[in-house]
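# Residue-level structural notes
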2 protein chains.
Amino acid sequence: MSNIIDQVADKVLEIVSGLKETPKGAFNIRVNGKGVKKSSSKNIQIVSKKDKEGIDIIVAPGTKGETVHIPVVLDHSGTQELVYNDFYIGEGSDVLIVAGCGIHNDGSHLTQHDGIHSFYLDENASVKYVEKHYGEGTGDGKNVLNPITNVHLKKGAFMELETVQIEGVDSTDRETNATLAEDSKLVVKEKLLTNGKQEAITRFNVDLDGENSSANVMSRSVAKGDSKQYFYSVINGNNKCAGHSECDAIIMDNGFVKAVPDVTANHVDASLIHEAAIGKIAGEQLIKLESLGLSEEEAEARIVEGFLR
Amino acid sequence: MSNIIDQVADKVLEIVSGLKETPKGAFNIRVNGKGVKKSSSKNIQIVSKKDKEGIDIIVAPGTKGETVHIPVVLDHSGTQELVYNDFYIGEGSDVLIVAGCGIHNDGSHLTQHDGIHSFYLDENASVKYVEKHYGEGTGDGKNVLNPITNVHLKKGAFMELETVQIEGVDSTDRETNATLAEDSKLVVKEKLLTNGKQEAITRFNVDLDGENSSANVMSRSVAKGDSKQYFYSVINGNNKCAGHSECDAIIMDNGFVKAVPDVTANHVDASLIHEAAIGKIAGEQLIKLESLGLSEEEAEARIVEGFLR
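The residue numbering used here restarts from 1 in each chain and proceeds along that chain's sequence as written. Both sets of labels track the order of writing: A upward for chains, 1 upward for ligands. Local features in a predicted model are, by the rule used here, given only for residues with pLDDT of at least 70; side-chain atom pairs are given and counted only at 80 or more, and totals for whole chains, interfaces and linings are based on all residues. Heavy atoms throughout the structure, all of them, feed into the side-chain values; hydrogens and water do not.

The name given to chain A in an unreviewed UniProt entry is SufD family Fe-S cluster assembly protein, with the source organism recorded as Aequitasia blattaphilus.

Set out below in structure tokens:
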């Protein structure tokens, strides 16, 4: 197998985007502050911005079943970047977009990627967006990721966001803002694990503006070590709509979790539900697995793995 | 039946405290900014404060099955008062305290009662505290009630707060702060109905400081007309503890409801759950009652009545 970039970058690239080779179709691979490989396809244009860092991803109306890969790798300690990516998803199209950012930091410098992603989904467009965040490296430089995701759903549009942060990110403040027109739907699945001194802030702001719009925000997280997690989820029901927000958190060691949902009904036909549960792994679950021969640590690891799967 | 105060005040008194005659045992009846009738009992002292408006209620250790009535009536439009009541509940006692404030406002002046109630429950003391708020009158003067309730629970203490606001209060901002020592327990049941241009703010701040402390905060509310409700509930789990917060709201007409729970686990053995649901009365419920011969209005009224019972 030939290298996509080089050995270190390729490993990180595979972890955050699943890529083992240069992908087919539309993609943009960004390494250490520069786009290094880029390709458009017949239906999906990727155009570098002229006025600032970032790209426009333009999906033609009716495009179905295609995938866009836009991974980012930082392996020079000290790289800090702010990138703007705008996604224009044409009417009636249905695409998978795989983003993700991995940092390999062997140095002592703050290494940081802040991505501002704006999605404009035209009528009846459908997007599944997967974003993985990952850090590694032997240095003591911090790995920081602060993404902002703006979602604009027109009539009948559907978007599913799947965000995963499993390891190695010292600090993250992730903000997702969404406005939904009539009959549109947003599904968010967040999975988060923090450890050591890591801090993670999650902010969702969802405006259910259109009739029959709906949002389902689900967060599952594990706070280990001395890590801290803050979960803020604002859902405003401004029309006949359905909103659901759910935050399940497991705390271990000296983990800290704060959950502050905020649901507001501005319309008599808004139906809003929030649920949050914070606690440690139930004793019975551990005992059951230990009775099958697992050590306490193995049992805990197994339960966490299942919870975040 | 002889009057307690006079005809108008007696009617309001009965609504907020259930009293039809001067009660037996310990009581303090406050009318238009002054204590007008007061009685201590063998085990329960009621002492007027010297330095400010209000009373100290001192329950002797081991007092069981006694009731304290401390209702407040305002029927002079324009009366505004700030009252401090402190409750010292002796070790191992078990008492019922019935408070409540009713305003009869036939005038055009703001009429306002702000009560600051502080409860100090000694070890294994138990209190049920019932507080009813009510307003009426033909004037256009506003009826305002802003109570602050501070609860301090020592080891093994138990307190149940039942607060009810059904009618006629134009504006209310109710704050309840509680700190819980080991093995103590707090139960809060709030029932709230707003209508017209009324506004109601509820704030709960609960610190679960002691091992095996627990809190269960339940709010049921109905927002009719153009009324607005804000529900803020903060529960901090600072030890091995269990916290549960639940907010169920029905919206009707142009009602507005905002619910912002805030649960924080500062301890690995803290178990915290929050649930909130906001929506209108389910269609099936209405149809079922309408099929039994009720009009839509009657069916709605029946459902609201059951929900707030």
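Anyway, onward from the coordinates.
## Some thoughts on the state of the cysteines
By convention in this document, the label disulfide applies to cysteine sulfur atom pairs within 2.5 Å. Inspection of the entire model under this criterion finds 0 disulfides over all chains. Distance from the sulfur of Cys241 of chain B, which forms no disulfide, to the nearest cysteine sulfur (Cys247 of chain A) is 16 Å.

## What to know about the relation of the copies chain B and chain A
Least-squares fitting of one copy onto the other uses the C-alpha atoms of those residues that reach a pLDDT of at least 70 in both copies. Expressed as a screw operation, the relation of chain B to chain A combines 0.0 Å of axial shift with a rotation of 180°, fitting to an RMSD of 0.0 Å. Such a combination of turn and shift is consistent with a two-fold rotation axis. The position closest to the rotation axis in chain B is occupied by the C-alpha of Glu275 of chain B, lying 2.3 Å away. In this analysis, two residues are considered to be in contact whenever any of their non-hydrogen atoms come within 4.5 Å of each other. Most of the interface of chain B is mirrored in chain A, where 100% of its interface residues again form contacts.

## Points about the pairing of strand β5 (residues 64-69) of chain A
Residues and elements named next belong to chain A. Here a strand pair is declared whenever DSSP counts at least two bridges between the two strands. Strands here mean DSSP runs of E at least two residues long; helices mean DSSP runs of H or I at least four residues long; both are numbered from the N terminus. Looking at chain direction, strand β1 (residues 26-31) and β5 are connected through 2 bridges and run parallel. Among the inter-strand pairings, Ala26 is bridged to a residue of β5, identified as Val68. Taken together, the 5 bridges between β5 and strand β8 (residues 94-98) define a ladder with parallel strand orientation. Within β8, the residue paired with Val68 across the bridge is Ile97.

## Some points on the layout of surface pockets
Buriedness of a pocket was judged along seven lines, with at least five required to meet protein on both sides within 12 Å; pockets are open sets of points on a 1 Å grid over the protein atoms alone, cavities are sets where a 1.4 Å probe fits but cannot get out, and lining residues have an atom within 4 Å of a point. Grid points are joined across faces, edges and corners, and a volume is the space filled by probe spheres set on the points. In this structure, the largest pocket encloses a volume near 290 Å³. For the largest pocket, the lining is made up of 17 residues, of which Ile278, Gly279, Lys280, Ile281 and Ala282 of chain A are closest to its centre. Elements supplying a minimum of two residues to the lining of the largest pocket: β20 (241-251), β22 (270-279) and α3 (296-308) of chain A together with β21 (270-279) of chain B. No other element matches β21 of chain B, which puts 4 residues into the lining of the largest pocket. Residues are grouped as follows: Ala, Val, Leu, Ile, Met, Phe, Trp, Tyr, Cys and Pro are nonpolar; Asp, Glu, Lys and Arg are charged; all remaining types, including Gly, are polar. Class assignment of the residues belonging to the lining of the largest pocket gives a composition of 11 nonpolar, 3 polar and 3 charged.

## Regarding empty space enclosed by the protein
Residue and element names in this part refer to chain B. Under the defined criterion, the tally for this structure stands at 6 cavities of 30 Å³ or more. Counted as a void, the largest cavity has a volume near 120 Å³. Around the largest cavity sit 14 residues that line it, and Cys101, His113, His117, Glu131 and His133 are the ones nearest its centre. In terms of residue class, the lining of the largest cavity is built from 6 nonpolar, 7 polar and 1 charged.

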